[in-house]
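Each chain is listed here by its residues.
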There are 2 protein chains.
Amino acid sequence: MADGSEKNAVVSNKKVIFKDYVSGFPKESDMAVTVDENLKLKVAGDSKGILVKNLYLSCDPYMRLLMTNRSSEIFGPYTPGAVRMPGLTAYGGFYEVCAPKKGEYVFVSAASGAVGQLVGQFAKLMGCYVVGSAGTQDKVELLKNKFGFDDAFNYKEEPDLNAALKRYFPEGIDIYFENVGGKMLDAVILNMRVHGCIAVCGMISQYNRDQPEGVHNLMSIVYKRIRIEGFATVDYYPQYSKFLDFILPYIREGKVKYVEDIVEGLENGPAAIIGLFSGRNVGKQVVVIAPQ
Amino acid sequence: MADGSEKNAVVSNKKVIFKDYVSGFPKESDMAVTVDENLKLKVAGDSKGILVKNLYLSCDPYMRLLMTNRSSEIFGPYTPGAVRMPGLTAYGGFYEVCAPKKGEYVFVSAASGAVGQLVGQFAKLMGCYVVGSAGTQDKVELLKNKFGFDDAFNYKEEPDLNAALKRYFPEGIDIYFENVGGKMLDAVILNMRVHGCIAVCGMISQYNRDQPEGVHNLMSIVYKRIRIEGFATVDYYPQYSKFLDFILPYIREGKVKYVEDIVEGLENGPAAIIGLFSGRNVGKQVVVIAPQ
């Protein structure tokens, strides 16, 4: 806190600690909520630093990748970093990677999630036809009724994803915004149109596997001259102010909506993170740490 | 033949017939060499057509894809089409898809093949570091000694492709020109550099499989923001004259070399096609049908 009112105050600080690197699905028992007592709210005498009070904690699927000791070219070892921006991810991934055109057929997986809900709305703003997949009927309704997707389906109720996609995209898919990987990716590749684009934001279905599923239909990359491209929000940081200029008017006018799933108390943080991987959250998962 | 000397002549015509769609590796017994007798070399009276005598037959891996009844967005059902251009394929795939820069690390699989040998030489012309893989020691020597690759290896002698690639590319791979797919692709993905590019020309290791191998390491597409892009020569036909302007001076000056594997007689066509998939050919496979 920067107002100086609690200068030199002594406080206790709650925190979530990972006991070790995580294997398979994360469990609440992988984490412990502990309390540091007698913390002095004081910066070093010669420091120009300020004290900051965290009010919210963001929970995102990518955090699972930081719970392993595998190296990654995007993230270092797990040290809380800046909170990432689902909006900037959706913006960079959809507009920069996909380069969408009016009338194109767009499919978004994990579409009710923090990024997916925005991608679908951006696609509608572009005049695209957009279908989303999600894991519950409630989420499917949210996509159609709140976020304006043209259609949506519950992938858990589709025994044949290839057949489902053929039903929703009889003309094929121009743009796939990939959040899940695995079987869905394999089915999507079969349904891409010539010169289609797959923007790979994440592959949440694979994060908890020691050995990722095999994807078998990659030969269609040649048949259909498909472009598959991974991206990371960090690459779009220089465009952040341009993104704000784009998104803020839409939010003010109510043309872009956003749903957050808020739980209260840091002690509920572990369950919130784990819920991401069972699909329990609806929209962006946020933990309120302290009242404002 | 267009010189009119054999106008209205009666000839016999040898041809290779596929008995049915092919499953698994093609066999000579899938084909039959037959002869049409008493063919009149005559165009219809009101036709502006000309008679053409075929002198050479081109054998290329993509032809395997046409021997099945699966649909393809590039090729129609198997009817002899125009002979494709490995040079234009190498040109379009390397320069247009990969957008190479001087000093980049380039890997080419099936590197002694019709397309691969040119890609490697184009990479050297760009000032890249280029390594190729092939399936015999003779081909490896050809790559290093004739085509000027910086290095080359026999993939059949590498029990661990990931380890082999780490040895040849300790700094990682910027550009992979993909001709084989399967296990090689899986290993390459692990060795790509951030923002690397994989240009997918073909996946010859998969053409004879009913169920393609699974590729497991696609999550690295996100970690490393990799672009994987399929392409087809047909997309570069409009650039054919530009390609000729580029390549002909290099060929005249001996700066680009080309090796063909020539067999004589249409009756040897079936064996020539099959040889592509066992790696028997060295360089572009051509069948001489008739003396000039």
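About the thresholds
- Every chain is numbered on its own, with residues counted from 1 as its sequence reads.
- Chain A is the first chain written and ligand 1 is the first ligand written, with later ones labelled in order.
- A pLDDT threshold of at least 70 governs which residues receive local features in this predicted model, and a stricter bar of 80 or more applies before side-chain atom pairs are shown or counted, although totals over entire chains, interfaces and linings include all residues.
- Computation of side-chain values covers all heavy atoms of the structure but excludes hydrogens and water.
- Should any heavy atoms of two residues lie within 4.5 Å, those residues are counted as being in contact.
- Throughout, buried area stands for the accessible area (probe radius 1.4 Å) lost by two parts on being put together, summed over both.
- The working definition used for a salt bridge is a side-chain nitrogen of Lys or Arg within 4 Å of a carboxyl oxygen of Asp or Glu.
- Polar contact is defined as a pair of N or O atoms within 3.5 Å, subject to the rule that within protein one atom must be able to donate a hydrogen and the other to accept it, and that residues adjacent in sequence are counted only when both atoms are side-chain atoms.
- Amino acids outside the nonpolar list (Ala, Val, Leu, Ile, Met, Phe, Trp, Tyr, Cys, Pro) and the charged list (Asp, Glu, Lys, Arg) are all regarded as polar, and Gly is one of them.
- Pairs of strands are assigned from DSSP output, requiring at least two bridges between the strands.
- Elements are defined by DSSP. Helices are runs of H or I of four residues or more, strands are runs of E of two residues or more, and each kind is numbered from the N terminus.
- Least squares is used to superpose the copies, and the fit set is the C-alpha atoms of residues whose pLDDT is at least 70 in both copies.
- pLDDT measures how confident the predictor is about each residue, on a scale from 0 to 100.
- Each residue is assigned to one of three classes by its accessible area relative to the maximum for its type, calculated with a 1.4 Å probe on protein chains only: buried under 20%, partly exposed between the two thresholds, exposed over 50%.
- Axis definition: a line fit to C-alpha positions, over the contact stretch in the case of helices; interaxial angles, taken between N-to-C directions, run 0 to 180 degrees.

*Asks:* Would you explain the interface of chain A and chain B in this entry?
*Replies:* Much of the literature gives interface size as the accessible area that the parts lose upon coming together. Every contact between the two is made by 35 residues of chain A and, on the other side, 35 residues of chain B. Between chain A and chain B the total buried area reaches about 3,000 Å² when both faces are included, carbon and sulfur atoms providing 66% of it. When residues of chain A are sorted by the area they lose upon contact with chain B, Met 219, Tyr 223 and Arg 225 of chain A head the list and together hold 21% of the total. There are 2 salt bridges connecting chain A and chain B. Between Asp 235 of chain B and Arg 225 of chain A there is a salt bridge; the shortest N-O distance is 3.0 Å. Counting every contact that joins chain A to chain B gives 12 residue pairs in polar contact (both at pLDDT 80 or more). Of the residues contributing to the side of chain A that touches chain B, the split by class is 20 nonpolar, 8 polar and 7 charged. Pairing of strand 9 (residues 227-230) of chain A with strand 9 (residues 227-230) of chain B involves 3 bridges; the strand directions are antiparallel. Following the sheet pairing, Arg 227 of chain A is matched in strand 9 of chain B by Glu 229 of chain B.

*Asks:* Is there a simple way to explain the relation of the copies chain A and chain B in this structure?
*Replies:* Two copies of a chain can be linked by a rotation about an axis combined with a shift along that same axis. Between chain A and chain B, which share one sequence, the superposing operator has a rotation angle of 180° and an axial displacement of 0.0 Å; the RMSD is 0.1 Å. These values place the two chain copies in the arrangement generated by a two-fold rotation axis. Rotation axis and chain A: the residue whose C-alpha lies nearest the axis is Gly 214 of chain A, separated from it by 1.9 Å. Both copies share a contact surface, since 100% of the interface residues of chain A are interface residues in chain B too.

*Asks:* What exactly am I supposed to notice about the confidence of the model for chain A here?
*Replies:* Confidence in the prediction of chain A, expressed as mean pLDDT, is 85, and 92% of residues score 70 or more. Ignoring residues within four places in sequence, the model shows residues 1-5 of chain A, a span with pLDDT below 50, making 6 contacts including any to other chains.

*Asks:* It is not clear to me how the environment of Ala 123 of chain B should be interpreted in this structure. Could you clarify?
*Replies:* Residues and elements named next belong to chain B. Relative to the helices and strands, Ala 123 is located in helix 2 (residues 116-125). The class of Ala 123 is buried, set by a relative accessible area of 0%. Expressed as a C-alpha distance, the spacing of Ala 123 and Asp 186, which sit 63 residues apart in the sequence, is 23 Å. If we skip the residues at most four places from it in the chain, Ala 123 touches Phe 94, Val 106, Cys 128 and Val 130.

*Asks:* What is the right way to look at the sheet that holds strand 11 (residues 284-288) of chain B in this model?
*Replies:* Sheets are built from strands paired through backbone hydrogen bonds, the pairs being either parallel or antiparallel. Residue and element names in this part refer to chain B. Strand order in the open sheet formed by 3 strands is 3-11-10, and the pairing between neighbours is mixed. Since the sheet does not close on itself, it has two edges, and those belong to strand 3 (56-59) and strand 10 (260-264), each with one partner. Here the strands of the sheet are splayed against their neighbours by 25° on average, with no regard to which way each runs. Of the strand pairs in this sheet, strand 10 and strand 11 are connected by 5 bridges, and their pairing is parallel. Paired with Glu 264 across the strands is Val 288, a residue of strand 11.

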